[in-house]
Amino acid sequence: MELPRRYEPKDVEKKLQKEWKDKGIYKFNEDTKKTVFALDTPPPTVSGSMHIGHAMAYSQADFVMRFKRMNDFEVFYPWGFDDNGLATERFVERKTGKKATEMKREDFVKLCLETTKETEEKMLSQFLALGISPDTDTIYHTIDKPVQKMSQLSFLDIYKQGREYRKESPIIWCPECHTAIAQVELKDKQFASTFNNIVFKVGSSNLIIATTRPELLPACVALFYHPDDERYKHLEGKEAKVPVFEHKVPILADNTVDMEKGTGIVMCCTFGDQADIEWYKQHNLPLRICITEGGKMNSLAGKYEGLSMKEARLEILKDMEAKALLKDQKPISHFVNVHERCGTEVEFIVSKQWFIKYLDLKEKFLELGEKLNWYPAHMKVRYDNWVKGLKWDWCISRQRYFGVPIPVWYCKECGTEIVATPEQLPVDPLVDSPPVKECPKCKCTEFVPEKDILDTWATSSLTPFLPAKWHEDEAYFDKIFPYALRSNGHDIITFWLFNAIVKSYLHKKKLPWKDAMINGFVLDPKGEKMSKSKGNIVTPGDVLKEYSADALRFWAASSKLGDDLPYQEKDLVTGTKFLNKLWNASKFSIIHLEDYDFSKPDVLNPVDQWILSKLQDIVKESTATFENYEFSKTKQMVENFFWHTFCDNYLEMIKGRIYSEEKASPERRSAQYTLYKVMLTILKLMAPILPHITEEVYSYFFKDHESVESIHLTSWPTYDKELKEIKVQEHGDQVVDIISRIRKFKSIRDLSLKKQIDVLTIEKKYQKQFADFEETLRTTTNSLRIVYGDPMELVSEEFKIKMDVKLHEELM
């Protein structure tokens, strides 16, 4: 059947996406005898819409899965949505205008469930519009009851190991979100500030200390200097009076003090940073908390009570200046830890929280990172640096509303922890009863439910377990776990990837995947990171209104794995041109294959041998690069082969034979055999990247002869050494060089490429190797005859032309 004159991608893509779904083309066969290739990809957070970074990252992962499917693997490609926790809460609050703090918890949870369901349906359609190929029958949601059960089972398992504990301890706190957060949820943000040299009194003497946070003075509990610092050794054992607040604190020596920073002597407040916490523990200092959970000054701050920290900072500095306790100020710009969810500067308070103990496993985590195959390899450095820099156990409790409940109750009298049994799960302690009637220690019959929920990462880190039916079907789980591949951005190596390794080691004592494929960011055309504040955001929805999904995927395949990729519209224009050329070349091929009988000729024309030989190189190299997740190299090689070797040269070189009136001639049959084989191979090589157009062409003609429902279920091309003809390939390349130089010769003289050449003279030494190509060379260059001799002796009557393959400088 002949292809339509024009390719209409919008109609084709919608049609094919529906067909793939209806026919179950990408459905995982759990009874398979094939080797399973499983992908663990982070489920997108429910945020309302897909961004261009999603389009690039998920397209790149899909390239690999389509490649593996064609290589006879049973592909396990699940899909999920991360729809629990703080990110979802904030999304729902923005979308509905309602606040969790102003509603009953059960009402807010219901609102979240309703809102996320509607949004997830919209987001799924956006992702599928890209042509990605997950098994949508395996969709999971991190707030669903089965996932809650699995997350709580994880909690029970780690609790049983003795690695989960609840403790009142200094923790990282977000005043905006009113919750504890983990170290992984911090990011650095640059702020303008001032270094303030303030006066502490030691007796009648002044002691100058530099600080950026005078609002923490009411929480000051000690001053520290380095024991080798001669400036301060005489102060050992003495006390200093805190400016404005006038309580006294000890002056102590500690080796961790930086003598070069500020004045070389620092104040310790409970708590300003990690160093304060370390000093507090090591020196058994008293606890003075001056900040509320809402980020306001408390009663310890005296007249500053109720002020925000920034307000208090200004007021305290004003009062110190009035009392001559502020010596001078220096403007600075420094990086401060903020909560990655809301951008608020974090604080450190003391609160009772749940933790996973893992600081003692840092060496094990580094060892696991060494065993993981990283693509690209340099991304491992980010993982190693993160593990080496860990200073906190993992805080997994959150003071929020929408999430997986921590399955624990406490005895009202003695505080004994009562943990749910596996049979109870999923459980909500605020609604459900504990598994015992009385406390096993004190026999009390009253219990206090845990109100906190689990950190979203405590559940999301289980993505290798969730769709693989962990604790549900162990045979199914063992078929999939560990996964073959993890695909994610370099920005989430330190939390999603790392936390998944933590959970996998704690539960299975092994890595969750064999390989990790790390993608980069999408940048704007100027190479800057996209952000709403800059107004340079590009959405896939807007792109797909003007361009096809395949054109967008063509752009996504242009990036070397791990590199940041600028979004440039010209790349989509290039992709669209490629699609149109592929359609037209396919249309030409199919027209001339309609009477092909699909038998292999006894003898192939040398031109056909030439392109089949060159094709083997492309197949071999494309396969090798795809195996290493270097899809951009595959795309570049196939694109170049298609445009230049196939379209510019081969199709032109066979026109004399393919248009022949002798339909059954051996020469025409040779061209048809080769055209079918090369065209189908090109379609297959591009199918992982351009799934729609390759499927459409395949379904029009090749499907009936290959007897496979979809091009995406056909076998990936394999290298055939029998088709590799080195000598023929070399000679064919020389013939192509001659043809190219004649075209250029005509072009620079404004002559039609169809301009007839009376005599084409080629140096005599090439006569033998060009003998088999002579007819092709004559018809392609439109030469009446070809002679071998001195190319300076014979010329055309119409215009002078000389052709000596040695004289590149003459015609190049």
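On a predicted model such as this, the values are computed, not experimentally measured, just so you know.

S.K.: Quick rundown of the overall build of the protein? Include the residues and the values.
M.R.: Helix and strand counts for the protein stand at 23 helices and 27 strands. Projected onto the principal axes, the alpha-carbon positions of the protein cover approximately 110 × 65 × 45 Å. Within the protein, the proportion of its 812 residues that are buried is 56%. Once local pairs closer than 6 in sequence are excluded, the contacts in the protein between residues at least 24 apart make up 77%. Carbon together with sulfur atoms contributes 48% to the accessible area of the protein, which is approximately 36,100 Å² in total. Taken as two groups, the 117 positive and 125 negative side-chain charges of the protein have centres that lie 2 Å from each other.

S.K.: Mind laying out the nonpolar core, listing which residues take part and the relevant values?
M.R.: Within the largest apolar cluster, 128 residues are counted, with the highest numbers of intra-cluster contacts made by Ile 52, Trp 555 and Phe 646. Per-element accounting of this core gives the leading share, twelve residues, to helix 17 (residues 631-658). Not counting chain neighbours up to four residues away, the residues in contact with Ile 52 comprise Val 522, Met 530, Val 538, Pro 540, Val 543, Leu 552, Trp 555 and Tyr 567. If you look at the next biggest cluster of nonpolar residues, it comprises 70 residues, including Val 387, Leu 462, Leu 497 and Trp 513.

S.K.: So what's going on with unusual backbone geometry? Which residues, and what values?
M.R.: Cis geometry is found at the peptide bond from Tyr 375 to Pro 376, where omega equals -5°. Within the fold, Pro 376 resides in the loop between strand 15 (373-375) and helix 9 (380-388). The residue after Phe 481, namely Pro 482, is reached through a cis peptide bond having omega 0°. Counting through the fold element by element, Pro 482 comes out in the loop between helix 11 (474-480) and strand 22 (483-489).

S.K.: Explain the environment of Lys 545 to me, using residue names and the numbers behind them.
M.R.: Among the secondary structure elements, Lys 545 is positioned in helix 13 (residues 540-546). With a relative accessible area of 66%, Lys 545 lands in the exposed category.

S.K.: So what about helix 22 (residues 774-781)? Which residues, and what values?
M.R.: Within helix 22, burial applies to Thr 776, Leu 777, Thr 780 and Thr 781. The arc that holds the buried residues of helix 22, viewed along the axis, is 110°, so those residues lie on one side. The positive-phi residue at the C-terminal boundary of helix 22 is Asn 782, with phi of around 60°.

S.K.: Run through a positive patch on the surface, naming residues and quoting values.
M.R.: Positive charge collects at one region of the surface, where Lys 201, Lys 241, Lys 248 and Lys 327 lie side by side. Of note, Lys 248 is situated in strand 11 (residues 248-253). The class of Lys 248 is exposed, set by a relative accessible area of 57%.

S.K.: Tell me about the confidence of the model for the protein, and name the residues and values.
M.R.: Here the protein shows a mean pLDDT of 91. Residues at 70 or above account for 97%. Low confidence marks residues 792-812, where pLDDT is under 50. Its contacts with residues over four positions away, or in another chain, come to 49 contacts.

S.K.: Please give an account of the sheet that holds strand 18 (residues 408-411) that cites residues and values.
M.R.: Pairing within the open sheet is antiparallel, and its three strands lie in the order 19-18-20. Unpaired on one side and paired on the other, strand 19 (417-419) and strand 20 (447-449) mark the two borders of the sheet. Neighbour to neighbour, the strand axes of the sheet diverge by 35° on average, direction disregarded. As paired strands, strand 18 and strand 20 are joined by three bridges and run antiparallel to one another. Considered in strand 20, the bridge of Cys 411 is made with Phe 447.

S.K.: Please give an account of the side chain of Asn 196 that cites residues and values.
M.R.: Structurally, Asn 196 is set in strand 7 (residues 186-202). Under the relative-accessibility criterion, Asn 196 is labelled buried at 0%. Looking at Asn 196, its side chain comes within polar contact range of the side chain of Thr 194, at 3.1 Å. For Asn 196, the contacting residues outside a window of four places in its chain are Ile 209, Ala 210, Thr 211, Thr 212, Pro 214, Leu 317, Leu 326, Asp 328 and Gln 329.

S.K.: Any details on the packing of aromatic side chains? Residues and values, ideally.
M.R.: Per the stated rule, a full pass over the model turns up 55 aromatic pairs. For the ring pair Phe 28 and Tyr 476, a centre distance of 6.0 Å and an interplane angle of 85° mean the geometry is edge-to-face. Highlighted residues: Phe 28 in the loop between helix 1 (9-23) and strand 1 (36-40) and Tyr 476 in helix 11, separated in sequence by 448 residues. By the burial criterion, Phe 28 is buried, and Tyr 476 matches it. One aromatic cluster in this structure is built from Tyr 358, Phe 365, Trp 374, Tyr 383, Trp 394, Phe 498 and Tyr 505. Just above the ring of Tyr 410 sits the side chain of Arg 166; from NZ or CZ to the centre is 4.1 Å. In this structure, Lys 620 packs its charged tip against the face of Tyr 719, placed 5.0 Å from the ring centre.

S.K.: Outline the pattern of salt bridges, supporting the account with residue identities and numerical values.
M.R.: Per the stated rule, a full pass over the model turns up 44 salt bridges. The partner of Glu 8 in a salt bridge is Arg 6, with the nearest N and O atoms 3.7 Å apart. Given a relative accessible area of 41%, Glu 8 falls into the partly exposed group. Notably, a salt bridge pairs Arg 398 with Asp 455, separated by 3.5 Å at the nearest N-O pair. Here the residue Arg 398 occupies a position in strand 17 (residues 397-398), and Asp 455 occupies one in the loop between strand 21 (453-454) and helix 10 (456-460), the gap between them amounting to 57 residues. Through salt bridges with shared partners, one network takes in Arg 213, Glu 215, Arg 313 and Glu 347.

S.K.: Help me get a handle on the packing of helix 2 (residues 52-70) against helix 14 (residues 549-556), residues and values and all.
M.R.: For the pair helix 2 and helix 14, interaxial distance at closest approach is 9 Å and the crossing angle is 85°. Overall, the two elements helix 2 and helix 14 adopt an arrangement that is roughly perpendicular. Touching Ile 52, Ala 55, Met 56, Ser 59, Gln 60, Asp 62, Phe 63 and Arg 66 of helix 2 are Leu 552, Arg 553, Trp 555 and Ala 556, all from helix 14. Its residues assigned to classes, the contact of helix 2 with helix 14 comprises seven nonpolar, two polar and three charged.

S.K.: Help me get a handle on the pairing of strand 22, residues and values and all.
M.R.: Here strand 22 lies mainly inside the structure; seven of its seven residues are buried. Both strand 1 and strand 22 contribute to a ladder of two bridges, which runs parallel. Residue Leu 39 lies in a different strand from strand 22, and its bridge partner there is Leu 485. As paired strands, strand 22 and strand 23 (residues 513-519) are joined by six bridges and run parallel to one another. The residue bridging Asn 488 from the neighbouring strand is Ile 518, located in strand 23. Of the crossover connections in this fold, the one passing from strand 22 over helix 12 (residues 493-508) to the parallel strand 23 is right-handed.

S.K.: Now, about the sheet that holds strand 22: what can you tell me, with residues and values included?
M.R.: The sheet built from five strands is open, its strands ordered 2-1-22-23-15 with parallel pairing. Strand pairing shows two members of the sheet lacking a second neighbour, strand 2 (74-76) and strand 15, which therefore form its edges. With direction set aside, neighbouring strand axes in the sheet form an average angle of 20°. Its contacts with the sheet place helix 2 against strand 1, strand 2, strand 22 and strand 23, and it is angled at close to 140° to strand 23.

About the thresholds
- Residues numbered from 1 in each chain as written.
- Predicted model: local features only at pLDDT ≥ 70, side-chain atom pairs only at ≥ 80, totals over all residues.
- Heavy atoms only, no water.
- Helix = DSSP H or I, 4+ residues; strand = E, 2+ residues; numbered from the N terminus.
- Buried < 20%, exposed > 50% of the residue type's maximum accessible area, 1.4 Å probe, protein only.
- Contact = heavy atoms within 4.5 Å.
- Areas by Shrake-Rupley, 256 points an atom, 1.4 Å probe, with all protein chains shown as cover.
- Lys, Arg positive; Asp, Glu negative; His and termini not counted.
- Charge placed at Lys NZ, Arg CZ, Asp CG, Glu CD.
- Core = buried A, V, L, I, M, F, W, Y, C linked by side-chain atoms within 4.5 Å.
- Arc of directions from axis to C-beta.
- Patch = residues over 30% accessible without salt bridge, like charges linked within 9 Å, V, L, I, M, F, W, Y side chains within 5 Å.
- Salt bridge = Lys/Arg side-chain N within 4 Å of Asp/Glu carboxyl O.
- pLDDT = per-residue confidence, 0-100.
- Pairing = 2+ DSSP bridges.
- Axes fitted to C-alpha atoms, helices over the stretch in contact; angles between N-to-C directions.
- Polar contact = N/O pair within 3.5 Å; in protein donor to acceptor, adjacent residues only side chain to side chain.
- Phe/Tyr/Trp six-rings, centres within 6.5 Å; stacked < 30°, edge-to-face > 60°.
- Lys NZ or Arg CZ within 6 Å of the ring centre and 35° of its normal.
- Parallel < 35°, antiparallel > 145°, perpendicular 65-115°, else oblique.
- Nonpolar A, V, L, I, M, F, W, Y, C, P; charged D, E, K, R; others polar.
- Right-handed = clockwise from strand over helix to strand, strands pointing away.

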